[in-house]
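Residues per chain, in single letters:
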There are 2 protein chains.
Amino acid sequence: MHSVDQAIARLLATVQPIADVEQLGIDQCCGAVLAKRLVSGVNVPPADNSAMDGYALRHDSWHHADTPIPVSQRVPAGAVAEKLAPGTAARIFTGAEIPPDADTVVIQENCSEIDGSVLIKKMPEKGANIRPRAQDVAKGQVVLEAGRRLRPQETGLLASLGMATVPACRRLRVAVLSNGSELVEPGEPVAGGQIYNSNRYLLNALLRGWGFEVMDLGIVRDDPAEIQQLLGETAGKADVIVSSGGVSVGEEDHIRNVVAGLGALELWKVSIKPGKPFAFGHVCGTPFLGLPGNPASVLVTALIVARPYLWSLQGMSNTEVQPMQVRATFSRKAPSRTEYLRVRHSPKGLEIYPSQSSGILFSSVWGNGLAVQPEGHEIHKGDTIDFLPYALLL
Amino acid sequence: MHSVDQAIARLLATVQPIADVEQLGIDQCCGAVLAKRLVSGVNVPPADNSAMDGYALRHDSWHHADTPIPVSQRVPAGAVAEKLAPGTAARIFTGAEIPPDADTVVIQENCSEIDGSVLIKKMPEKGANIRPRAQDVAKGQVVLEAGRRLRPQETGLLASLGMATVPACRRLRVAVLSNGSELVEPGEPVAGGQIYNSNRYLLNALLRGWGFEVMDLGIVRDDPAEIQQLLGETAGKADVIVSSGGVSVGEEDHIRNVVAGLGALELWKVSIKPGKPFAFGHVCGTPFLGLPGNPASVLVTALIVARPYLWSLQGMSNTEVQPMQVRATFSRKAPSRTEYLRVRHSPKGLEIYPSQSSGILFSSVWGNGLAVQPEGHEIHKGDTIDFLPYALLL
C-alpha cells in the first residue's frame, strides 16, 4: 500500500515536462505555464509620476501659505514634462510624469490657483504624492520563474513590462477514456443493467478547466480488441492517457492486460478513500493513468493524485496545494486509509455530507471542498483539520 | 463613505440578472450558471448493482463453507440480470445489476468456483457489497437550484441523470475600457510620460476566467468626444461596461461627465484600500462600473466589489465567499479604511508583501490571496485574521 504522498512522488519521478514552447499573445496567456524565467527590461513605472491631481514643485520653493508661486507648466498624464523652472510649480495630474527638479506634489484640495500662480495652504513633507520610478518592478529584476502558472495579475504585470507575447509551455494534450460496457451516453435511452456515463463529462470538464486540451475518446466497452485498437491509435497523439474504470484484477477488466501488452502497467494500492486502486503505466511510451470507476473516486483521485502529475507534465514547477485549517463540526473514527471527506465549509466550520460512499457524486456537489482525515487518525468534533477547498484544486 | 458591504449591497440592489436561457451541451456547460431548478427524472444508480467482482445470492441460501452452490447465471456490467433461480448464485462483476431475488454479494476473494458451483468460505452480512438503487440521486429529487455555477462535479452529476443539454444563463457580455492618455499597448514603443497598459489585460483575463464574454474596447484617451462616441456605441451591445482609471473629480477625468451626460453617474467613496473611488451609473441604460486606475486597486476592487455584482448579473444566486481564518505573521496598525492586504499563505501563516502601495501589482503576483484588515482594527502578530485565497475569487 502506497501513501498518497508516495504515490504522487512515484508519479512525479517519471515526469518529462512538455518541452515545446509557444509564444502566446499577452491577451491569450492567462492560465498557461510560463516556459522561461522572465527578467524585466524596463522600470515600472518608467519615471516618477504623480499619485494625485495637484501641483508639483521643489519642496524648498515654498515658504508661506500667502506667497504665490508661479505655475510654469501644465502636465497631463501622457505628456512629456519639462524641467521645472526655479521657484515655480507645475500643474499636474494623476499618472503624469514629475517634471525634473520637482520633488513634491501638493494635492489640489490644499491649493488655490489665481492669475497663473498657486497659493499652497498646507505643504506636505518632501516627496509626498510621488510614485517613484521602478516602484513596482525594476529593470533587470527577475519577475517570474519558469513553471509559474499565469493568473490575471501575472498577465497584467507582464503587460506593464510591455510584453506583447509570452513564452508558454504548449498545452498538455490529455486523452480521456471511459471504460465499461454498462455505460450509455446522456440523451440516449438507458436499458436494464446500464447507467449513464458521468466520468467522461466530469473528467473533460476538470481537464478543460485546468486549461488542457482534451482528446475525448468516449466510451470503450469491456472488449480487449476494441480497447487495444483505441489505445494503439491514441498513443503518440496524446501526452498522457487518463481512463476511468475497468482497471482492476477482475476477468472483465481488460484495460490492464491491453496496456501491459502495449507497454507496461502497474496496479497500485493507494491509501486513499475514495480511491485505492490506481493504475500507472504507458502505452507505447505514452503515460497512462487508470483511475477508479466510481464517480466520487474519480473526482478525488483526479484532484489529489492525478492533478500534481498532470500539472508537472504541463511544466508547472510547484504543484503543491496548501491546506487550510478549519474546525470540524463532526466526529469520525480512525479510517484504515486516508480519507478525503466531502465536506462543506460554512460559518459553523466543516460540515460533513452524511454518506461518504464512493458511488455518491452528490456529496461533492453539496460541498465546497475535501477534508483530509489521515489513516489511523480520529476526528473529534471541534478539532482543527486540513481542508482543501475545491477552488484550490479545480 | 460606504463600507465595502454597503457598496456591494447598493450594487446588488440594482441587479437585473440575465434572463436569456441557452441550452448548452453537457460537455460545454461547466462554468455556466444554471438557469432553472433541476429535478432528477431518474434514479442514480437506476437499480441495485454490485460494488465488487464476486457472487450474488440470497443470504439464506448459504449454510456452510463446504456446501457448493450452483452458479446459474453470469452477469457482466451492462447486461440484464435474470431472476435468480432458488438456491443458486450468480457470477457478478463490479457495476453489474443485482439479479432479482439476490440480496448479497460475496467478493470473489472469499469464493472458489469448481464445476459450475461456488464454495463460499466466508459469508458477509446480508446486503453486503450492493450499491442500492437511488443511492446517489433519487427520482424526483431537486438536484440543483437555479443560480448555481456548474463545476466539474455538477457536470458529472447532470450527465449521470442522462441530461444531454443543460439550461444555462446566457454568458454575460462585459465591455472593458482602459482610460488614460498615458497608456501605450505592450509591444509598442513607450515615450516620455507614457506607461504600458496593464489594466486592460488584467481585466480581460479576470473576466474571461470567470467565463464572461469580453468586448474589448481598448484604450480611450482623456478626450470627451472620443469617450462619448465609444460609450454611446457600446451601450446596448454589452450587458455592463467596466472602465479603469479616469473616474475622479479632476479636470482631466472626463469619463464622469460623459457618463453623466449619457445616463447617470455616482461617485462613491468606499472604505477599501487599495481602492476608495468607485463610480457606478449607466450609459443609456447599460450599467457602468468605474474602477480606479492603479493596477492593485483594479485587482482588489474587481475581486471584492465588482465580482459579486457581475456574478449576480450573470444569474448566480449566491456570490458570497467565505474567508478562511489564518494566523498573521505580522503586526499592523489600524487603518482608516478596510485594507485588503496582499499576502502569501505559507506553512508559517500569512506573510505580508512589504509594500502595499496601490501602484504595486507585483504584491499580488508574489502572493496567493488577500487578508482583510477592517478599518480601525489593529493586527497583532499571531492573530487569526480573515484570508481570501485568490483561488476563491478568481
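Residues numbered from 1 in each chain as written. Chains lettered and ligands numbered in written order. Predicted model: local features only at pLDDT ≥ 70, side-chain atom pairs only at ≥ 80, totals over all residues.

> Would you explain the sheet that holds strand 5 (residues 69-75) of chain A in this entry?
Across a sheet, paired strands are connected by hydrogen bonds in the backbone, their directions being either parallel or antiparallel. All names here are of chain A. Pairing is mixed across the open sheet formed by 6 strands, whose spatial order is 7-4-6-5-9-8. Pairing within the sheet leaves two strands with one partner each, and these edge strands are strand 7 (104-107) and strand 8 (111-114). Each neighbouring strand pair of the sheet contributes to a mean axis angle of 40°, computed without reference to strand direction. Where strand 5 lies against strand 6 (residues 89-92), 4 bridges are found, and the strand directions are parallel. In the sheet register, Val 71 faces strand 6, and the bridge partner there is Ala 89. (Pairing = 2+ DSSP bridges. Helix = DSSP H or I, 4+ residues; strand = E, 2+ residues; numbered from the N terminus. Axes fitted to C-alpha atoms, helices over the stretch in contact; angles between N-to-C directions.)

> For this particular structure, what's the right way to read helix 1 (residues 4-13) of chain B?
Residues lying three or four places apart along an α-helix face the same way, a consequence of the helix completing one turn every 3.6 residues. All names here are of chain B. For helix 1, the full list of buried residues reads Val 4, Ala 7, Ile 8 and Leu 11. Down the axis of helix 1, the buried set is contained in an arc of 95°. They therefore lie on one face. Exposed residues pointing more than 90 degrees away from the buried face of helix 1 are listed as Asp 5, Ala 9 and Ala 13. Packing partners of the buried residues in helix 1 comprise strand 18 (263-269), strand 19 (272-273), strand 20 (277-283), helix 6 (295-313) and strand 23 (338-346). (Buried ≥ 20, exposed ≤ 12 C-beta atoms within 10 Å, placed from the backbone. Arc of directions from axis to C-beta. Contact = placed C-beta atoms within 7 Å.)

> Would you mind showing me how to read the packing of helix 4 (residues 224-234) of chain A against helix 5 (residues 255-262) of chain A here?
In a pair of packed helices, the angle between the axes and the distance between the axes together describe the arrangement. All names here are of chain A. Across the interface, helix 4 lies against helix 5 with an axial gap of 9 Å and an inter-helix angle of 45°. Between helix 4 and helix 5, the crossing angle belongs to the class labelled oblique. By crossing handedness, the relation of helix 4 to helix 5 is classed as right-handed. In this structure, helix 4 contributes Pro 224, Ile 227, Gln 228, Leu 231 and Gly 232 to the contact, and helix 5 contributes Ile 255, Asn 257, Val 258, Val 259 and Leu 262. Residue classes in the contact of helix 4 with helix 5 are distributed as 7 nonpolar, 3 polar and no charged. (Parallel < 35°, antiparallel > 145°, perpendicular 65-115°, else oblique. Left-handed = near helix turned anticlockwise from the far one by under 90°. Nonpolar A, V, L, I, M, F, W, Y, C, P; charged D, E, K, R; others polar.)

> Explain the domain arrangement of chain A here, please?
All names here are of chain A. For chain A, the assigned domains are domain 1 (4-16 + 171-313), domain 2 (21-43 + 144-169), domain 3 (49-131) and domain 4 (324-393). In this structure, domain 1 and domain 4 have C-alpha centres spaced 25 Å apart. The interface is formed by 16 residues belonging to domain 1 together with 14 residues belonging to domain 4. For the side of domain 1 that touches domain 4, the secondary-structure elements that each account for two or more residues are strand 19 (272-273) and helix 6 (295-313). Looking at the side of domain 1 that touches domain 4 element by element, the count peaks at 8 residues for helix 6. Split by residue class, the side of domain 1 that touches domain 4 holds 9 nonpolar, 4 polar and 3 charged. (Domains from an automatic or database assignment.)

> Can you help me understand unusual backbone geometry in this one?
In most cases, non-glycine residues show a negative phi, while peptide bonds are predominantly trans. Of note, the amide linkage connecting Val44(A) to Pro45(A) takes the cis form, showing an omega dihedral of -10°. By secondary structure assignment, the location of Pro45(A) is in the loop between strand 2 (38-39) and strand 3 (49-50). Positive phi is not limited to glycine here, since Cys284(A) has a value of about 50°. Among the secondary structure elements, Cys284(A) is positioned in the loop between strand 20 (277-283) and strand 21 (286-291). For Cys284(A), a count of 13 C-beta atoms within 10 Å gives the class partly exposed. Of note, Asp115(B) is a non-glycine position whose phi angle comes to about 50°, a positive value. Within the secondary structure, Asp115(B) is located in the loop between strand 8 (111-114) and strand 9 (117-120). For Asp115(B), a count of 7 C-beta atoms within 10 Å puts it in the exposed group.

> Looking at this structure, I do not really get the sheet that holds strand 16 (residues 213-220) of chain A. What am I missing?
Residue and element names in this part refer to chain A. Taken in spatial order, the 6 strands line up as 16-13-17-21-20-18 in an open sheet, and their pairing is mixed. Of all strands in the sheet, those with a lone pairing partner are strand 16 and strand 18 (263-269), marking the two edges. If you compare each strand with its neighbour and ignore which way they point, the axes differ by 20° on average. Examined bridge by bridge, strand 17 (residues 240-244) and strand 21 share 4 bridges and lie parallel to one another. What sits directly across from Ile 241, in strand 21, is Phe 288. Strands in contact with helix 5 are strand 13 (173-179), strand 17, strand 18, strand 20 and strand 21; relative to strand 18, the strand with the most contacts, it is inclined by about 135°.

> Which parts of the structure should I look at to understand the relation of the copies chain A and chain B?
The relation between the two chain copies is a rotation about an axis coupled with a shift along that axis. Placing chain A over chain B gives an RMSD of 0.0 Å and needs a rotation angle of 180°, together with 0.0 Å of translation along the axis. Such a combination of rotation and displacement between the chain copies is what one expects of a two-fold axis. Among all residues of chain A, the one whose C-alpha sits closest to the rotation axis is Ala391(A), at a distance of 2.7 Å. Both copies present the same face, since 100% of the interface residues in chain A are matched by interface residues at the equivalent positions in chain B. (Least-squares fit on C-alpha atoms with pLDDT ≥ 70 in both.)

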